[in-house]
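Listed below, chain by chain, are the residues.
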Amino acid sequence: MSFWTRIANILKGGGGGSDNRILKIYVLSRRCNEPIAGQIDLFNELSRTEDDSGHPYYTRKVLHTSGQNRCFAEVEVNLWFDRNKRLAQHEVEGGRWLEEEEYQAELERFNAPPPEDPTSG
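Report on the accompanying structure. Note that this is a predicted model, so its numbers are computed, not measured.

This part is about unusual backbone geometry. Phi is positive for Asn33, which is not a glycine, with a value near 55 degrees. Mapped onto the elements, Asn33 comes out in the loop between β1 (22–29) and β2 (35–41). For Asn69, which is not glycine, the phi torsion reads 65 degrees and is therefore positive. By the secondary structure assignment, Asn69 is in the loop between β4 (57–64) and β5 (74–81).

Here you go:
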């Protein structure tokens, strides 16, 4: 692979071939009851910690709801990583942590049409 091809791949998001660069995260907004997806770039968004927690890397991410249903909210996620940049601990303010399967189920629920009101019509 030529030098310019590698540069082009990096700029397109190829990142040098590492599949472990992006960590996808999922939360559910407590206020809007809306599932939110986000991602962490493990190469650029982690900071070194200076405490003795045993987790040398940290990042904070604020995720926003879409505003659908006229509800606007933020969910703050604090993440700590081990020396291999694997997620070790997480805290969520304004919502709760979701695994990918839970996120998919919540997304289906959120995007489902509202039930019909039998009294109207």
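A few words now on the packing of aromatic side chains. In this description, an aromatic ring pair is defined by two values, namely the gap between the centres and the angle between the planes. Taken as a whole and assessed by the stated rule, the structure comprises 2 aromatic pairs. Across from the ring centre of Tyr57, 4.9 Å away, lies the NZ or CZ of Arg48, which sits over that ring.

Here we come to the nonpolar core. With 13 residues, the main nonpolar core has Ile25, Val27, Val77 and Leu79 as its most contacted residues. Of all the elements in the fold, those that place two or more residues in this core are β1, β2, β4 and β5. Not counting chain neighbours up to four residues away, the residues in contact with Ile25 comprise Ile36, Ala37, Gly38, Gln39, Ile40, Lys61, Leu63, Val77, Leu79 and Trp97.

Turning our attention to the state of the cysteines. Throughout the structure, instances matching the rule amount to 1 disulfide. In this model Cys32 forms its disulfide with Cys71; the gap between the sulfur atoms is 1.9 Å. Taking the sign of the S-S torsion, -85 degrees for the link of Cys32 and Cys71, the bridge is left-handed. Placement of Cys32 in the loop between β1 and β2 and of Cys71 in the loop between β4 and β5 is noted, with a sequence separation of 39 residues between them. One exposure class covers both Cys32 and Cys71, and it is buried.

Next up on the list: the sheet that holds β5. On the basis of which strands lie adjacent, the open sheet formed by 4 strands has the order β3-β4-β5-β6 and antiparallel pairing. Edge positions in the open sheet fall to β3 (47–48) and β6 (87–93), since each of these has one partner strand only. The pairing of β3 with β4 spans 2 bridges and is antiparallel. The residue of β4 that forms the bridge with Arg48 is Tyr57.

Rules and cut-offs
- Each chain has its residues counted from 1, running along the sequence as written.
- Side-chain atom pairs in this predicted model are given and counted only at pLDDT of 80 or more, local residue features only at pLDDT of at least 70, and totals for whole chains, interfaces and linings cover all residues.
- Computation of side-chain values: all heavy atoms of the structure, hydrogens and water removed.
- Helix numbering and strand numbering both begin at the N terminus, where a helix is a DSSP run of H or I of at least 4 residues and a strand a DSSP run of E of at least 2.
- For this analysis, a ring pair means two rings from Phe, Tyr or Trp (six-membered ring only for Trp) whose centres lie within 6.5 Å, classed as stacked if their planes differ by under 30 degrees, edge-to-face if by over 60, and tilted for the remaining angles.
- The criterion is that NZ of a Lys, or CZ of an Arg, lies within 6 Å of the ring centre and within 35 degrees of the ring normal, and then a charge sits over that ring.
- To define a nonpolar core, start from buried Ala, Val, Leu, Ile, Met, Phe, Trp, Tyr and Cys residues and group those joined through side-chain atoms within 4.5 Å.
- Burial status follows relative accessibility: with a 1.4 Å probe on protein chains alone, a residue under 20% of its type maximum counts as buried, one over 50% as exposed, and anything between as partly exposed.
- By the convention used here, residues are in contact when the closest approach between their heavy atoms is within 4.5 Å.
- Criterion for a disulfide: a pair of cysteine sulfur atoms at a distance within 2.5 Å.
- Paired strands are those between which DSSP finds at least two bridges.

What is shown is where atoms sit, not what they do.
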